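Structural overview
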Amino acid sequence: MNRQSSILGQRAVVIGGSIAGLLTARILTNYFERVTILERDCFPKQPEPRKGIPQCKQLHILLTKGREITEEVFPGLQDELLAKGAATVDMIGDVEWLNPFGWGYRFPSGFMALSFSRYILDWLIYHRLLEIDCIDFLEQTYVTELLKSEDGKGVAGVKIKQRNQTGEKIESNLSADLVVDASGYGSSAPQWLKSLGYETPEETRITTGMGYASRLYEIPSNFQENWKGIYIQAAPPERTSMGVLYPIENNHWIVGICDTYPNQPSKDENAFLEVLKQLPSPIIYNTVKNAKAITPIEIYHPPGNRLRHYEKLTHQPERFIVLGDAVCSFTPIYGQGMTVAALGAMTLNDCLENIVKKRSNLSGLTKIFQKRLAKINANPWIAATSQDAKYPSVKGLVTSPSIAEKFIGWYMNQVIRLTTTANYSQTTLALTEVFHMLKSAGTLFKPDIAVQILKKILGNNSQYSPNQKSSS
Ligand SMILES: Cc1cc2nc3c(=O)[nH]c(=O)nc-3n(C[C@H](O)[C@H](O)[C@H](O)COP(=O)(O)OP(=O)(O)OC[C@H]3O[C@@H](n4cnc5c(N)ncnc54)[C@H](O)[C@@H]3O)c2cc1C
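Analysis parameters
- Residues numbered from 1 in each chain as written.
- Predicted model: local features only at pLDDT ≥ 70, side-chain atom pairs only at ≥ 80, totals over all residues.
- Heavy atoms only, no water.
- Helix = DSSP H or I, 4+ residues; strand = E, 2+ residues; numbered from the N terminus.
- Rg over C-alpha atoms; globule rule 2.2 N^0.38 Å.
- Buried < 20%, exposed > 50% of the residue type's maximum accessible area, 1.4 Å probe, protein only.
- Contact = heavy atoms within 4.5 Å.
- Areas by Shrake-Rupley, 256 points an atom, 1.4 Å probe, with all protein chains shown as cover.
- Lys, Arg positive; Asp, Glu negative; His and termini not counted.
- Charge placed at Lys NZ, Arg CZ, Asp CG, Glu CD.
- Expected span 1.5 Å × (residues − 1).
- Near = heavy atom within 4 Å.
- Polar contact = N/O pair within 3.5 Å; in protein donor to acceptor, adjacent residues only side chain to side chain.
- Nonpolar A, V, L, I, M, F, W, Y, C, P; charged D, E, K, R; others polar.
- Domains from an automatic or database assignment.
- Patch = residues over 30% accessible without salt bridge, like charges linked within 9 Å, V, L, I, M, F, W, Y side chains within 5 Å.
- Salt bridge = Lys/Arg side-chain N within 4 Å of Asp/Glu carboxyl O.
- 1 Å grid on protein atoms, 1.4 Å probe; cavity = no way out; pocket = protein on both sides within 12 Å on 5 of 7 lines; lining within 4 Å.
- Points joined across faces, edges and corners; volume = space filled by probe spheres on them.
- Phe/Tyr/Trp six-rings, centres within 6.5 Å; stacked < 30°, edge-to-face > 60°.
- Lys NZ or Arg CZ within 6 Å of the ring centre and 35° of its normal.

To continue, consider the overall build of the chain. From N to C terminus, the chain includes 12 helices and 20 strands. Taken over C-alpha atoms, the radius of gyration comes to 23 Å for the chain, in line with the 23 Å a tight globule of 472 residues would show. Its C-alpha atoms give the chain principal-axis dimensions of roughly 70 × 50 × 45 Å. With 472 residues in all, the chain has 53% of them scored as buried. Within the chain, contacts between residues at least 6 apart in sequence are counted, and of these 73% link residues at least 24 apart. Element-wise, carbon and sulfur atoms account for 50% of the exposed surface of the chain, whose accessible area totals about 21,700 Å². Within the chain, the 45 negative side-chain charges are centred at a point lying 4 Å from the centre of the 50 positive side-chain charges.

In structure tokens form, the structure reads like this:
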């Protein structure tokens, strides 16, 4: 199909130029004459953190499903990441994983992931979009309101405030055939909709008061271990702290710690190292204690899981959709946010493709899209919140887990337990595929894995020794 026959409107506007907004903008170029990205920030001149995405200094893992989608939308992106120095990591063979049941058994699995900083990903994607003629970027542009369509059924554009060269803020209206809100956790869409006379979406919040601290270190030239990354998982409710070390571009390690209220990470170097030392294995501490730190310790307090139920609005605002963290944001330790944002962008692509195939128009898109997005968000939401439910500081749970949920939680623990011994490599691989959103959690309930669990329970339940792996 040529581009002209798939055009559904003159202009689409995307609010927010982070991962959800950038991916969505590329997709919208298939269906709109022009796509305008409105970003309150300035895009950086080189790969570096920016104010509008405060979390981007923290460790980010792009799950394999997310990497597959970004590669589909931007063919060749993986090669660009590698050329910029992203590290290739066998997620089972190269990562020392201390889970609540012991050290994961490492073996060469072929399950390869790329490890890089969050800001280099955004920077490469931004540069891809700069090459596309029909995309405009309006930087230092803040969306303040939605404009109502003349027929009163939906949205016809946005009100913006732009900073001009003298720093003065100029207000204007920008009309659009479709407005996409990808403005992240701080999205004002509920207030915008309210001021147009719509109801606001219901909201579910489940939080644990998590605090993060990350720091970059130079990988020493004499580093010779046979692993590339370390993940010391929390074991709530007993132990809420965790630590991670991964290699990224420029021969750096990114080292992150995380804990829940009342334990909060501090910017103080001694306190940061002490947390690493007190983890059930001091392996990360021993690895970085003499390494050269490249950055200060960066702290971030993510707000936690929040789901806005746009799919339940009785009157859907036509020509306005919301995706990414603006709809569903997660406790970050499960690494799902960017991948779920990418899945949302692909779902929008599907919906728009269907409209083109049916030679239809944009009316009804909002309802169909938000319902489909809600289904996509459901599983990662359960994955994140069911884990968070184990933390003593959790807030927002309205019901205690049902017997079925308790069984699922117990069963998942048994699967994780299997990863600590040599004989269960297929199970470890299946679990990794589930973690990376390539397969559904249902895969882990197949008879072959269930039988392994049973045999393990009937056999011995050997204890682990966390310090066994510590580097000196
Ligand atoms: C500590 C931490 C660690 C994380 N680790 C991971 C990880 O390992 N893996 C993973 O996949 N995810 C991770 N995440 C989640 C990930 O950062 C988010 O899911 C992802 O950035 C969501 O992208 P988004 O585009 O929806 O929103 P955001 O990244 O929040 O971007 C929103 C954009 O909108 C702009 N904006 C906001 N309001 C306006 C406005 N009114 N007008 C114009 N522009 C506006 C902002 O400047 C920003 O550019 C982590 C999050 C945190 C907090």
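If you check helix α10 (residues 403-418), its first and last C-alpha atoms are 23 Å apart, about what 16 residues at 1.5 Å a residue would give, namely 22 Å. Burial in α10 covers these residues: Y411, M412, Q414, V415, I416 and L418. Contact partners of the buried residues in α10: β4 (95-99), α11 (425-435) and α12 (447-458).

The next thing to look at is the site of the ligand. Taken together, 34 residues are adjacent to the ligand, and S18, E39, R40, I61 and R118 come closest. H60 places a side-chain nitrogen or oxygen 2.8 Å from an oxygen atom of the ligand. Separating a nitrogen atom of the ligand from a backbone N or O atom of V143 is a distance of 3.1 Å. For the ligand, whose unbound accessible area comes to 1,000 Å², protein coverage reaches 95%. Broken down by secondary-structure element, the contributors of at least two residues to the shell around the ligand are α1 (19-28), β8 (141-148) and α8 (337-357). In terms of residue class, the shell around the ligand is made up of 15 nonpolar, 14 polar and 5 charged. When residues of the shell around the ligand are assigned to domains, at least three fall in each of domain 1 (3-52 + 121-205 + 304-385) and domain 2 (73-118 + 209-300).

This next bit is on a nonpolar patch on the surface. Judged by side-chain polarity, F407, I408, W410, F445 and I457 come together as a nonpolar surface patch covering roughly 450 Å² of accessible area. In terms of residue count, α10 provides more of the nonpolar patch than any other element does, 3 residues in total. For F445, the position within the fold is in the loop between α11 and α12. When its relative accessible area of 34% is taken as the criterion, F445 is described as partly exposed.

With that out of the way, let us pick up the domain arrangement of the chain. Once the domains are mapped, the chain shows domain 1 (3-52 + 121-205 + 304-385), domain 2 (73-118 + 209-300) and domain 3 (403-469). Taking only C-alpha atoms, the centre of domain 1 and the centre of domain 3 are 38 Å apart.

Here the focus is the pattern of salt bridges. Inspection of every chain in the model, using the stated rule, returns 15 salt bridges. When the shortest N-O distance is used, the salt bridge between R34 and D136 registers 3.0 Å. In this pair, R34 is assigned in strand β2 (residues 32-38) and D136 in strand β7 (residues 135-138), connecting sequence segments 102 residues apart. In this structure D136 comes out as partly exposed when scored by relative accessible area, which is 24%.

Next up on the list: the layout of surface pockets. Of the pockets and cavities examined, the second largest pocket occupies roughly 290 Å³. As for the second largest pocket, its lining consists of 13 residues, of which R40, D41, Q140, Y142 and R163 are closest to the centre. Secondary-structure elements contributing two or more residues to the lining of the second largest pocket are β8 and β9 (155-163). Split into classes, the residues belonging to the lining of the second largest pocket amount to 2 nonpolar, 5 polar and 6 charged.

Taken as a whole, this structure holds 10 aromatic pairs when the rule is applied. Aromatic pair F43 and Y126: ring centres 4.3 Å apart, planes at 10 degrees, arrangement stacked. Of the two residues, F43 sits in the loop between β2 and α2 (64-73) while Y126 sits in helix α4 (residues 118-130), which places them 83 residues apart along the sequence. An identical accessibility class is assigned to F43 and Y126; each is buried. Note on F43 and F137: the rings are 5.2 Å apart at their centroids and 75 degrees apart in plane angle, and the pair reads as edge-to-face. With F43 in the loop between β2 and α2 and F137 in strand β7, this residue pair connects regions lying 94 residues apart in the sequence. Take F43 and F137: they sit in the same class, and that class is buried. One aromatic cluster is present, built from ring pairs that chain together F407, W410, Y411 and F445. For R306, the ring lying beneath its charged end belongs to Y185, and the centroid distance is 4.0 Å.

Bringing unusual backbone geometry into the picture now. The step from P236 to P237 runs through a cis peptide bond, and the omega angle for that step is 5 degrees. The amide bond that connects Y261 to the next residue, P262, takes the cis arrangement and shows omega of 5 degrees. The residue P262 is located in the loop between β16 (252-260) and α6 (269-278) in this model. The backbone of N251 shows a phi angle near 60 degrees, a positive value even though the residue is not glycine.

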